[in-house]
Amino acid sequence: EELQSNYVLGVGRFSPDGRFINIDCKAFKINGEPDGTYVGVDHPVFKDVSETFDRPKPPRPPFDKPEGPVDHIQPLSFSKGLRTYPDGSTITAVGPANLHVIRYPDGAHQFWVTGSLIITNGTGRYSGARGVKTVGGSTWVEPGKPLTALDEFSVKTVEVYRIIRKEFIAYR
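The following paragraphs examine the structure supplied in this document. In this text, all values refer to a predicted model and were calculated from it rather than measured experimentally.

So, on to the pairing of strand 6 (residues 109-123). Remember that side chains alternate between the two faces of the sheet whenever the strand is regular. Inspection of the sheet shows strand 5 (residues 90-103) paired to strand 6 by twelve bridges, in the antiparallel sense. Its bridge partner being in strand 6, Ala-93 is matched across the sheet by Ile-119. From the end of strand 5 to the start of strand 6, which pair antiparallel, there are five residues, and Gly-107 there has a positive phi angle of about 95°. In this structure, strand 6 lies alongside strand 7 (residues 130-141), joined through eleven bridges in antiparallel fashion. Looking at strand 7, one finds that Gln-110 is bridged to Trp-140. Where strand 6 hands over to strand 7, the hairpin turn is made up of six residues, of which Gly-124 adopts a positive phi near 60°.

See below:
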């Protein structure tokens, strides 16, 4: 298993109808070295943006025994993306995302996203790869700007890829 940790910085844009979000980012290794790009599409599925302010209740014990209850949290978005490396190799991934927003006293908002995506394929050195991608990201929304504004916004994420290349997978 190959483990990669990196971050991406870029911009997000809504589709004209507000139903999809495209992100276009430059990727960096944790030490700040440029490491390719990441582009993706999110499809929020909440009915009202106020749902993003809800948060789950704190989980109930026990935590040290294999028993419940475990609350089921409904994803508020779904994502797909393409990671491109400097050598031209790529990884594709798809999966659910959770959204959460808080409002600051000055009227600004912090918007967070967490995602758990499945690596579905790739090209170059990652052709036929499988694995998972975990992402945590955020954007700050200035005071007075509605969360549903279609303006361009900043994207900042931390990403972890756990990859198994094709040559190490025993296919059925």
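After that view of the structure, there is still more to cover.
So, on to the environment of Arg-13. For Arg-13, the location among the structural elements is in strand 1 (residues 2-14). With 138 residues separating them along the chain, Arg-13 and Asp-151 place their C-alpha atoms 6.8 Å apart. Dropping the residues within four chain positions of it, Arg-13 is found in contact with Phe-20, Ile-21, Asn-22, Asp-24, Glu-152 and Phe-153. A polar side-chain atom of Arg-13 sits 3.1 Å from a polar atom in the side chain of Glu-152.

Another point: the sheet that holds strand 8 (residues 153-164). Here we have eight strands rolled up into a closed barrel, ordered 1-2-3-4-5-6-7-8, and antiparallel in their pairing. Neighbour-to-neighbour, the strand axes of this sheet turn through a mean angle of 25°, independent of strand direction.

A few words on the side chain of Ser-89. Checked against the element boundaries, Ser-89 lands in the loop between strand 4 (77-84) and strand 5. Given the relative accessible area of 4%, Ser-89 is considered buried. Not counting residues within four places of it along the chain, the set of residues in contact with Ser-89 comprises Arg-83, Thr-84, Thr-123, Gly-124, Arg-125 and Tyr-126.

It is worth spelling out the environment of Arg-162 at this point. Structurally, the position occupied by Arg-162 is in strand 8. You can call Arg-162 partly exposed: its relative accessible area is 36%. For the pair Arg-162 and Arg-130, spaced 32 residues apart in sequence, the C-alpha separation works out to 8.5 Å. Among all residues touching Arg-162, those that are not within four sequence positions of it are Glu-1, Glu-2, Leu-3, Ile-119, Arg-130, Gly-131 and Val-132. A polar atom in the side chain of Arg-162 sits 2.7 Å from the side chain of Glu-1.

Two elements, strand 1 and strand 2 (residues 21-29), share nine bridges in a ladder whose sense is antiparallel. The partner of Val-11 across the bridge, within strand 2, is Asp-24. Where strand 1 hands over to strand 2, the hairpin turn is made up of six residues, of which Gly-18 adopts a positive phi near 75°. Judged from the seven bridges that link them, strand 2 and strand 3 (residues 34-44) form a sheet pairing that is antiparallel. In the sheet register, Phe-28 faces strand 3, and the bridge partner there is Pro-34. The turn linking strand 2 back onto strand 3 is made up of four residues, and Gly-32 within it adopts a positive phi angle of 95°.

The rules behind the values
- Residues numbered from 1 in each chain as written.
- Predicted model: local features only at pLDDT ≥ 70, side-chain atom pairs only at ≥ 80, totals over all residues.
- Heavy atoms only, no water.
- Pairing = 2+ DSSP bridges.
- Helix = DSSP H or I, 4+ residues; strand = E, 2+ residues; numbered from the N terminus.
- Contact = heavy atoms within 4.5 Å.
- Polar contact = N/O pair within 3.5 Å; in protein donor to acceptor, adjacent residues only side chain to side chain.
- Axes fitted to C-alpha atoms, helices over the stretch in contact; angles between N-to-C directions.
- Buried < 20%, exposed > 50% of the residue type's maximum accessible area, 1.4 Å probe, protein only.

Nothing here speaks to function; it is geometry throughout.
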